[in-house]
Amino acid sequence: FEGYSPELLGEYVRKAVARNRKVGGDNFIFFKAWNEWAEGNILEPDTRFGLKPLEAVAAALSSN
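Residues numbered from 1 in each chain as written. Predicted model: local features only at pLDDT ≥ 70, side-chain atom pairs only at ≥ 80, totals over all residues. Heavy atoms only, no water.

## As for the overall build of the chain
Part 1 of the reasoning: When helices and strands are tallied, the chain shows two helices and zero strands.
Part 2 of the reasoning: For the chain, the proportion of its 64 residues judged to be buried stands at 23%.
Part 3 of the reasoning: Surface accessibility of the chain: about 5100 Å² in total, with carbon and sulfur atoms responsible for 57%. (Helix = DSSP H or I, 4+ residues; strand = E, 2+ residues; numbered from the N terminus. Buried < 20%, exposed > 50% of the residue type's maximum accessible area, 1.4 Å probe, protein only. Areas by Shrake-Rupley, 256 points an atom, 1.4 Å probe, with all protein chains shown as cover.)

So, in structure tokens, the structure goes:
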């Protein structure tokens, strides 16, 4: 998608976690992994960003 970056993904995850805590949510965040149409929709490294998206998600979750 236009404008995507691993850093932006990390920011979205941080905001989702903060919003979930604010409203007393159940601590679930669902991801739709667009690179996995038929294989189970999991987040995994890709050829463009490598591990950076996964590292951004891990950093966002550990910072909250």
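After presenting the structure, the write-up continues.
## Observations regarding the pattern of salt bridges
Part 1 of the reasoning: One pass over the structure, following the stated rule, counts one salt bridge.
Part 2 of the reasoning: Residues Glu11 and Arg14 are paired through a salt bridge, measuring 3.2 Å at the closest nitrogen-oxygen approach. Linking Glu11 with Arg14, this pair stays in helix α1 (residues 6–22), spanning three residues, or about one helical turn. (Salt bridge = Lys/Arg side-chain N within 4 Å of Asp/Glu carboxyl O.)

## Some points on the nonpolar core
Part 1 of the reasoning: Among the nonpolar cores identified, the biggest contains five residues, and these are Leu9, Val13, Val17, Val57 and Ala60.
Part 2 of the reasoning: Listed by contribution, the elements that provide at least two residues to this core are α1 and α2 (52–62).
Part 3 of the reasoning: With three residues, the top contributor of residues to this core is α1. (Core = buried A, V, L, I, M, F, W, Y, C linked by side-chain atoms within 4.5 Å.)

## Thoughts on α2
Part 1 of the reasoning: What α2 keeps buried is the set Pro53, Ala56, Val57 and Ala60. Viewed along the axis of α2, the buried residues span an arc of 100°, placing them on a single side of the element.
Part 2 of the reasoning: Looking at the packing, one finds that the buried side of α2 touches α1. (Arc of directions from axis to C-beta. Contact = heavy atoms within 4.5 Å.)

## Digging into α1
Part 1 of the reasoning: Between its first and last C-alpha, α1 extends 24 Å over 17 residues, near the 24 Å set by a 1.5 Å rise per residue.
Part 2 of the reasoning: Here α1 has its buried residues at Pro6, Leu9, Gly10, Val13, Ala16, Val17 and Asn20. Projection of α1 onto a plane perpendicular to its axis shows the buried side chains occupying an angular sector of 125°, all on one side. Opposite the packed face of α1, turned more than 90 degrees from it, sit the exposed residues Glu7, Tyr12, Arg19 and Lys22. (Expected span 1.5 Å × (residues − 1).)

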